[in-house]
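Examination of the molecular architecture
Take a look at the letters that make up each chain.
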Amino acid sequence: MALDNLSVIRNFFNTSGFNRYNIYSLTISNINEESYDMSNMLASSIGFYNLRYVNSLEDTQYITNMSHMFNGSRNLIHVADFNTQNVINGWNMFYLCSNLLNLPSGFENLVEGYQFAYQCSNITDISHLNFQNSLQNAYQMFIYCNNLKQIPEWTFPNLKNPLYMFWQCVNLQNIKNLHFPVANTTQYLLGYCNNIFSIDNLTLGNVSGYYTFYYMGNLQSITNLHTGNLQNTQATFYQLPNLNYIDQLNFANATRTISTFGGVPKLQQAPNLIISNKTNLQGVFAGLSLTNAAPWINCIDNNCSLANVYNNQAQLKNIPDYTFTNVTNLSWMFYNCRNLINIPNFHFVEDCDTTNMFAFGANIKTLPYPGFPTDMQSIFGALLTTAKGTS
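Residues numbered from 1 in each chain as written. Predicted model: local features only at pLDDT ≥ 70, side-chain atom pairs only at ≥ 80, totals over all residues. Heavy atoms only, no water.

**Here's the deal with the overall build of the protein**
A tally of regular secondary structure across the protein gives 2 helices and 18 strands. Within the protein, buried positions represent 48% of all 391 residues. Summarising the internal contacts of the protein: among those between residues at least 6 apart in sequence, 56% fall at separations of at least 24. (Helix = DSSP H or I, 4+ residues; strand = E, 2+ residues; numbered from the N terminus. Buried < 20%, exposed > 50% of the residue type's maximum accessible area, 1.4 Å probe, protein only. Contact = heavy atoms within 4.5 Å.)

**Remarks on the sheet that holds strand β5 (residues 175-179)**
In space, the 4 strands of this open sheet follow the order β5-β6-β8-β10, with parallel pairing throughout. Only two strands of the sheet have a single neighbouring strand rather than two, namely β5 and β10 (245-246). Note: β5 against strand β6 (residues 198-203), 4 bridges, orientation parallel. By the bridge assignment, His-179 is partnered in β6 with Thr-203. (Pairing = 2+ DSSP bridges.)

**Notes on the packing of aromatic side chains**
Tallying each qualifying case throughout the model produces 36 aromatic pairs. Geometrically, the ring pair formed by Tyr-188 and Tyr-214 is edge-to-face, given 5.0 Å between the ring centres and 90° between the ring planes. On the criterion of sequence distance, the pair formed by Tyr-188 in the loop between β5 and β6 and Tyr-214 in strand β7 (residues 213-214) is long-range, its members being 26 residues apart. For the pair Tyr-188 and Tyr-214, one class covers both residues: buried. Members of the aromatic cluster, each reached through a chain of ring pairs, are Trp-91, Tyr-114, Tyr-139, Tyr-164, Trp-167, Tyr-188, Tyr-192, Tyr-210, Tyr-211, Tyr-214, Tyr-215 and Tyr-238. (Phe/Tyr/Trp six-rings, centres within 6.5 Å; stacked < 30°, edge-to-face > 60°.)

**Re unusual backbone geometry**
One non-glycine residue with positive phi stands out, namely Asn-303, at about 60°. Within the secondary structure layout, Asn-303 lies in the loop between β14 (297-299) and β15 (304-305). Looking at Asn-303, the relative accessible area reads 51%, which means it is exposed. The phi torsion at Asn-312 lies on the positive side, around 65°, for a residue other than glycine. In this structure, Asn-312 sits in the loop between β15 and β16 (322-324). On the accessibility criterion, Asn-312 (44% relative accessible area) is partly exposed.

**Observations regarding the confidence of the model for the protein**
Caution applies to low-pLDDT regions: their predicted coordinates should not be interpreted in detail. Confidence in the prediction of the protein, expressed as mean pLDDT, is 86, and 85% of residues score 70 or more. Mean pLDDT across the elements of the protein bottoms out in strand β1 (residues 2-3) (48) and peaks in β10 (97). (pLDDT = per-residue confidence, 0-100.)

**Things to note about the side chain of Thr-233**
As for its placement among the helices and strands, Thr-233 is situated in the loop between β8 (221-226) and β9 (237-238). Among the residues examined, Thr-233 registers a relative accessible area of 3% and is labelled buried. Once residues lying within four places of it in the same chain are set aside, the contact partners of Thr-233 are Phe-251, Ala-254, Arg-256, Thr-257 and Thr-260.

**Brief notes about the sheet that holds β7**
Sheet architecture is open: 3 strands sit in the order β7-β9-β12, paired in parallel fashion. Edge strands, defined here as strands with exactly one partner in the open sheet, are β7 and β12 (261-262). Where β9 and β12 come together, 2 bridges link them in parallel fashion. Opposite Tyr-238, over in β12, you have Gly-262 as the bridge partner.

**What about the side chain of Asn-71?**
Following the sequence through the fold, Asn-71 ends up in the loop between β3 (53-57) and β4 (78-79). A relative accessible area of 17% means that Asn-71 is categorised as buried. Side chain to side chain, Asn-71 and His-68 meet in a polar contact 2.9 Å long. (Polar contact = N/O pair within 3.5 Å; in protein donor to acceptor, adjacent residues only side chain to side chain.)

**Regarding the state of the cysteines**
For the structure on display, the rule yields 0 disulfides. Its sulfur unpaired, Cys-299 is 4.6 Å from the next cysteine sulfur, which belongs to Cys-304. Unpaired in this structure, Cys-352 has its nearest cysteine sulfur neighbour in Cys-299, at a distance of 9.9 Å. Since its relative accessible area comes to 9%, Cys-352 is described here as buried. (Disulfide = S-S within 2.5 Å.)

**A word on the environment of Met-165**
Looking at where Met-165 falls in the secondary structure, it is placed in the loop between β4 and β5. The spacing of Met-165 and Thr-186 is 21 residues in sequence and 8.6 Å in space, taken between C-alpha atoms. Beyond its immediate chain neighbours, meaning those up to four positions away, Met-165 contacts Leu-135, Ala-138, Gln-140, Met-141, Phe-142, Ile-143, Phe-156, Leu-159, Phe-180 and Leu-189.

Below you can see the structure in the form of structure tokens.
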């Protein structure tokens, strides 16, 4: 079947009873330059239940809106490459095209990618897509693309919303050189991507990293992770049972780091830290069982605080020699770290607050001689009522 004019196509497709046609192959050509809208053109909602092949889409260089164009065409297998250079709106363009084997190339000016390839579960390659400089909304853009194996080395200078962008792309392999410098949130960005073993050189956005790495069962290492613009890192690393190495974390703008880690049992070496005087590290390692403190901590401003950073790390044993020339608060830093092997050499400014830096509670049990005497129990009980913490 061949059609040659957008107005003719629209009139034809909207005729009553069109959904009775079985169109297996389609060619559209001679689209005039006054028509910029092909939205909903070939969607299943207007009858394209059995469309399988689009052999040719010609003269599409003026089209700016292709939203919902193939929406719900579950039997669509192949779309021939066509000119996408001026397409701005690709909202739901290939939504639920679950048998589609390829995406057209280009899209150099695509801004709206909301659910662009939602559940295109047979797509294996997206390296020919060139929207990285224009894209602003990638919400659920490639969600459930189960056969997608590689993300190109992309930088998105204008992308604000990559929420769920690669959610449950279960065959994605290792990530390298992927950057979202201005994203408002990277929530669920790589959730349930269980075949990723390593991530190298990834930049998260400028507000929240909440649940960025979510239920990634085989992820083992993260290197060159750029988080310096994040303000909230709560639960950034969540349910990662095999993650055992992160080289560094930049918390220069982080004002909320509590429970950054949740369900990460194998991470025993604290990553190197970069902090500023904005940084609040209280509860940052809560939920971990660290045995080794960070090899180095870089304080880039004056009046930085490391208060509570290793608070309640009961398994912590090894601390390097630290020199803190810009730190004014070390209070409660190693509170309740009961298994420290040695106290290292610390160098810090004269007026630094070291209140309860190494304080930990006491558990007293009376025993026969030479154990703790029963007669001393009441005395120490009274004493401990004046101490901070739990004894």
